[in-house]
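# Tertiary structure, described
Take a look at the letters that make up each chain.
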Amino acid sequence: MQVGPTGPLVFACCKRSERGGTMQEEKLQKSSAVLKDAPRRGLTRRSFLKATAATAGAAAVAGVALDTLPAAAEGQKPQEEVYQGICRGNCGGGCRIAVTVREGKVVKTGPILNEDPMENLICARGYTHTQRIYAPERIQYPARRVEGTPRGGGEWERLSWDDAIKYICDHWKEYQKEFGDSSIAYSYGAGTYAQNYYVYMRLFNSLGATKIAQENDMTMLNYSWKMLGMSLYMVGNSRKDQVNAHTTFIWGCNASIGTFNRWKYLMASRDNGGKLVVIDPTYTVAAQKADFWAPIKPGTDAALAMAMIRYWHENGKDDKQYLATMTVAPFLVRQDTGKFLRSDEAGIAAEREAGVATGGGFGLGMDQGEGKFPLVAVDEQGNPGLLKEIAAPAIEGEFVINGIPVKTAYTMLLDRCDEWTLPAASAKCELSEDVITQLAEMYLDGPTMLHTGFGIDHRGNGDGASHALCTLPLVSGQIGKKGAGVSGNLAGATTGFAGDNWMTVVTSKMKPGATTNMTYIPQIVEEQQWCGQPMHLKSIFFYCGNPLGSYSGTTALRKAFESIDLLVTADTVWSDTAKYSDVVLPVPHWFEYETYRTCPNDYLDFNDAAIEPQFESKPDCDIIRLLGLGMDLGPEFDYDNAGFHAMFLDSDVARDQYGVTWVTLKQQKHIKMAPDEFIYGNQFIPFATETGRAEFYFENPVPEFDKSRQLDQELYALPFQSDPLETYDTNPLLEKYPINLMTHRDKFKVHTAFAKCPWLLEIQPEPTVELNPIDAEKYGIAENDYVRCYNDRGFCVFKAHLDPSLRPGTAWTEHTWLDDQYKAGHYADLTSLACTHFFPTNTPFDTLVAIEKYELEA
Ligand code: SF4
C-alpha cells in the first residue's frame, strides 16, 4: 500500500492482520477480493505506513467489481490503482471509499477501513458507484430545451460550454437590468456534500441573487441551533459518545435507516447494557430492537414531552442545579411584553454587553450592534440583580421589579406545561398514564441521549414539538456530560467548523440578496414581491438537488415554475428537475474531481479524482469560474478547482490549529480535526447561544424567512402542542381522504440519488406503499396489488405491501423515487406546501389521501 505525495492512495497486497487488524476488518477481507500487486508510486510500503501513522489511515480494501469490463488476459495481472473517494450524499455517512481503477475505468468500489472499526459505515449504496459513474442517465454535455417544445418534453439540443454559459449569462444580465438582481435565484439541495456546495454561494452572493435556502426539512435542526447553539448537524458530543449512554430515547426517528451512521453506536450502547426506548407511531426496526416501545399517536409529541416536564417538576425530579447554571431558567420575563427584563429596566446599573458568536448561520450570528443591557435574575429572597452577582438564583417565582410584573423563564415554562397532566396527555397521545410515567422515569435513568430529527418535524405542528423535545434534556439535566445530550443525524461533526473558511462565500462584489425557501416560491410568483420588496423571479439555478423529486408540494411548484423564464440545472444525472429545466450543465460524479469532505465524522477527508470527468462534465468550481467570468465578476472568480478548494480550506482553525492546507490534506488524505472526547453544554464548553445558556424561552420569535408575517409571539416563546395542518382529527377532509400517508427513508436511496442503480433495483425494484391489513381489506387490496393514492393535489400509483405493525389509518412509502419509476403520478405531488412560518419546512407526513385498487393497463 502506498501513497504518492500528490497522487492517489494505492492499495496492494494489503494484509491488515500483519498490523493487528480487527475481526471486522478480517471478515471484510475474507469476504471480498483484496487487490494484489498494484503498481507502486512514490513511497514504499514502509514509508507509507510511516506517513499514515499520523492519520492512522486506510488499511484494507474490499468491494464489488464492475463485471462488464473485459477480464485480463490469461496470466496477465491487471494494472490497478486505488483512490480515496468520499461518498457524500445526504445519508450522514461520508464514508471513505476505495475506488479501484483499471485501464482508466472505475471497476470496483468498497470500504476503506478505518483505525476505529466503529467508523466503518459503508452500506450497499457505497458498492454501486461503478453503476452510477457509467449510468445511462448521466448528463453528458450541456444542452438546451428545443425551443417551442414543452418543459419536460425531453427534446434537447446539444450546446458547447461556451454557448451554454453565454446563453445563461446573456439572459441573467437582461433580467438584472430589467427586473433587478433578485430576479435571479439559486436553489441547492442535499445531493452532494463537499465544498462545491458553498462555492456556488460565492457566485450568487456576488450577483445579489435570491437564495432559496435548503431548509426544507430542518425544523428540529433550527430549534436545536436556536435553543442549544448547536445543531444536530454541526456540533454536539462526539458521535462516539453515544456508547456511553445508559438510556437512549429514539423519538420519532427511523434511526436504523434515517440516521444510519449513528445506528452502530446506538446498538453499541445497547450492547453495553444501555436501554433503548423508542417513541414512534410505527413499529420501525429501531422499535423492534427497543427495550421499550411507545406507539404514540402521530402529531402529539409535544404533549408527551410537556407531560414529562410537568411530572418531573411535580415530583421534585427536575434538575434545578442544571437549570440554574446552564439555562435561561433564572432570567426574568416581563409579563407585559414577554421580553427578558434587562438591567436598565430593573434600575440596576450595568454596562451594555457585546453580543457573542452563536452557532446559528455557521457561527455568523454575532450581535454586531451596540450590545444589550444584561439580563436580570433574583436571589432566593426575591432581590433582583445581575446573574453573575447572585450566588443562588431563584428559578421559580413571580415578582414585581421596579413596578414591572415578571416571572422566571422556568415558571413560564411550567405554566405552559401545566395543562399536560397525565390524564390529559394520555388522552391526547393514546398512551396510558403508566406508560407516560415510565417514560419520564426512564429518561432520568441516565446518562440519557435523545436521538431525534427528520420525523416529528415533518408534520405541520413539528415546531412546538421540536421546542418541547429540545427542552427535555435541559429540565432533566441530561446534557453536558458523557453519554447525555441531544444527538441526531450527524452529531459530532465538529470539523464542519474546523475545516471551512466560510468567508469564501464573500467577495468584494458581495451584494446583500434576499433569502427565501422553496415553500414561498408560488407565493412570490403570484404576488411579485417578497417581504414588501418587489421580486420578479426570472431564473432559478438548481445545484446539488432535485426539488421536483424530493421536496413537497411539487404540483404547486411546477405550476409556479411555469412563470419563470429560465430554469438551469447543474447535475450529474437527468433528475426530475433537470428534465424540467431549460438548460442543463453536466457535473462529474463524485470520484471524478478533487474535493474534500468535512462532516460528519471527526476527520477531514480528501476525495481523489480517480478518473477524469466523464463526457463533457465539469466540476462545479469550473462552472462557477465560467459563470463568474461570464457575468463580468473578474479575477475573484478566475480560479480552478484546486484554487477554490485551497481558499475554502484556508480557515484559521485548519491552518493555525491543525496545520492543514489543501496541499497537506491532499498528501495525507485523512486528518483528524476534533478531540476524541467532546462533551457539549457544560461549564467547559457552554452553549453557543447569545446568552451562553440553553435558551428554552424565546423572547423574540420572528419568522425565519418571511419577516413580514406576524407570529403569535406568546405561543412561540415556549413549547406548545397544536394540531397538525392537515392530519387533525376534526378535519372534514378525512371523510374524503381518510388515510395519513407518511414517508420513510430508504436503505437503497438517498432521496432520489442511487434510485436507478441496477444492483439496488434488484433488491427493491419499485415504489411501494405499506398499508395496515385492516385498511387494505376495507378497500379490497391484497399484497402486491397496485394502489392508487390520490387527493386534490395529485395522485400516485404504488405496489401494496401489507404491514400489521402500521397504525390503521396510516400508510408509509419510501422517500422517494424518480418520476419515471412510478407506474403513474408521483408521490411528491400528493404533498402540500402548507407550513407554519417560524421555521417553515416541508410537511410530507401531514398528508391525507384516499386509496383504491389500481389495475395496470395490459
Ligand atoms: S450511501 Fe452513505 S452510508 Fe452508504 S456508503 Fe455512501 S456515505 Fe456511506
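Look up: the structure comes first, before these words.
Let us look at the structure shown here. (Residues numbered from 1 in each chain as written. Predicted model: local features only at pLDDT ≥ 70, side-chain atom pairs only at ≥ 80, totals over all residues. Heavy atoms only, no water.)

### Digging into the overall build of the protein
Within the protein, the regular secondary structure consists of 30 helices and 35 strands. Residue burial in the protein is summarised as follows: out of 858 residues, 62% are buried. Residue pairs in contact within the protein that sit at least 24 positions apart in sequence constitute 75% of those at least 6 positions apart. When the accessible area of the protein is evaluated, it comes to approximately 31,400 Å², of which 51% is carbon and sulfur surface. (Helix = DSSP H or I, 4+ residues; strand = E, 2+ residues; numbered from the N terminus. Buried < 20%, exposed > 50% of the residue type's maximum accessible area, 1.4 Å probe, protein only. Contact = heavy atoms within 4.5 Å. Areas by Shrake-Rupley, 256 points an atom, 1.4 Å probe, with all protein chains shown as cover.)

### Focus on the pairing of strand β17 (residues 398-401)
Side chains Phe399 and Ile401 project from β17 onto a buried face, and the interleaved Glu398 and Val400 project onto a face without burial. Taken together, the 4 bridges between β17 and strand β18 (residues 404-408) define a ladder with antiparallel strand orientation. Looking across to β18, one finds that Val400 is bridged to Pro405. The antiparallel hairpin formed by β17 and β18 contains 2 residues in its connecting segment, where Asn402 sits at a positive phi of about 55 degrees. (Pairing = 2+ DSSP bridges.)

### Focus on the packing of helix α4 (residues 161-179) against helix α23 (residues 620-630)
A pair of packed helices is captured by two measures, namely the crossing angle of their axes and the spacing between those axes. Closest axis-to-axis distance for the α4/α23 pair is 9 Å, and the angle between their directions is 50 degrees. What the angle tells us is that α4 and α23 run oblique. As for how α4 packs across α23, the hand of that crossing is right-handed. Residue-level inspection shows Trp161, Ile165, Ile168, Cys169, Trp172 and Lys173 of α4 in contact with α23, the latter providing Ile623, Leu626, Leu627 and Gly630. (Axes fitted to C-alpha atoms, helices over the stretch in contact; angles between N-to-C directions. Parallel < 35°, antiparallel > 145°, perpendicular 65-115°, else oblique. Left-handed = near helix turned anticlockwise from the far one by under 90°.)

### Examining the sheet that holds β17
If you walk across this open sheet you meet the 3 strands as β14-β18-β17, and the pairing is antiparallel. Lying at the two open borders of the sheet, with one neighbouring strand each, are β14 (332-334) and β17. Direction aside, the axes of adjacent strands within the sheet are offset by 40 degrees on average. Examined bridge by bridge, β14 and β18 share 3 bridges and lie antiparallel to one another. Counted as the bridge partner of Leu332 is Thr408 from β18. Sheet contacts for helix α14 (residues 409-417): β14 and β18; angle to β18, the most-contacted strand, approximately 75 degrees.

### Let's talk about helix α17 (residues 462-476)
With 15 residues, α17 should reach 21 Å at 1.5 Å per residue; the first-to-last C-alpha distance of 22 Å fits that figure. Here α17 lies mainly inside the structure; 15 of its 15 residues are buried. (Expected span 1.5 Å × (residues − 1).)

### Some details on the packing of aromatic side chains
By the definition in use, this model includes 31 aromatic pairs. Between Phe798 and Tyr822, the aromatic rings sit 6.0 Å apart at their centres with planes inclined by 90 degrees, giving edge-to-face as the arrangement. Of this pair, Phe798 sits in strand β33 (residues 795-802) while Tyr822 is found in the loop between β34 (810-814) and β35 (847-854), placing the two residues 24 residues apart along the sequence. Summarising the burial analysis for this pair, Phe798 and Tyr822 share the class buried. In textbook terms, an aromatic cluster arises when at least three aromatic residues are bridged by ring pairs, as seen for Trp172, Tyr186, Tyr188, Tyr200, Phe204, Phe541 and Tyr543. Across the ring face of Phe454, the terminal group of Arg745 is positioned such that the distance to the ring centre comes to 6.0 Å. (Phe/Tyr/Trp six-rings, centres within 6.5 Å; stacked < 30°, edge-to-face > 60°. Lys NZ or Arg CZ within 6 Å of the ring centre and 35° of its normal.)

### Digging into the packing of helix α5 (residues 196-207) against α23
Packing of α5 against α23 leaves a shortest axis separation of 9 Å and a crossing angle of 5 degrees. By the criterion of interaxial angle, the relationship of α5 to α23 is roughly parallel. In contact with Asn196, Val199, Tyr200 and Leu203 of α5, α23 contributes Asp620, Ile623, Ile624, Leu627 and Gly628. Partitioning the contact of α5 with α23 into residue classes produces 6 nonpolar, 2 polar and 1 charged. (Nonpolar A, V, L, I, M, F, W, Y, C, P; charged D, E, K, R; others polar.)

### Considerations on the pattern of salt bridges
Within the structure shown, the criterion is met by 41 salt bridges. A salt bridge links Glu766 to Lys799; the shortest N-O distance between them is 3.2 Å. With Glu766 in the loop between α29 (758-763) and β31 (768-771) and Lys799 in strand β33, this pair connects stretches of sequence that are 33 residues apart. For Glu766, a relative accessible area of 15% gives the class buried. The class of Lys799 is partly exposed, set by a relative accessible area of 21%. Measuring nitrogen to oxygen at the nearest pair gives 3.6 Å for the salt bridge that ties Lys853 to Asp785. Pair noted here: Lys853 is in strand β35 and Asp785 is in the loop between α30 (773-778) and β32 (786-790), with a separation of 68 residues, a long-range link. Of the residues examined, Lys853 reaches a relative accessible area of 40% and is grouped as partly exposed. Taking the relative accessible area as the measure of exposure, Asp785 reaches 17% and is therefore buried. Taken together, the shared-partner salt bridges connect Lys297, Glu430, Asp729 and Arg807 into one network. (Salt bridge = Lys/Arg side-chain N within 4 Å of Asp/Glu carboxyl O.)

### Some details on α5
Working note: α-helix, 3.6 residues per turn, so residues spaced by three or four point in the same direction. With 12 residues, α5 extends 17 Å from end C-alpha to end C-alpha; this agrees with the ideal 16 Å at 1.5 Å per step. Across the 12 residues of α5, 12 count as buried, placing the element largely inside the fold. Among the residues of α5, those classed as buried are Asn196, Tyr197, Tyr198, Val199, Tyr200, Met201, Arg202, Leu203, Phe204, Asn205, Ser206 and Leu207. Downstream of α5 by one or two residues, Gly208 has phi in the positive range, about 65 degrees.

### Quick look at the nonpolar core
Formed by 77 residues in total, the largest nonpolar core has its most connected members in Trp172, Phe204, Ile521, Phe541, Phe561 and Leu585. With 8 residues, the single largest contributor to this core is α5. Once residues lying within four places of it in the same chain are set aside, the contact partners of Ile521 are Ile212, Thr516, Leu537, Ala560, Phe561 and Ile564. Leu387, Val435, Ile456 and Phe838 belong to the second-largest nonpolar core, a separate cluster that totals 76 residues. (Core = buried A, V, L, I, M, F, W, Y, C linked by side-chain atoms within 4.5 Å.)

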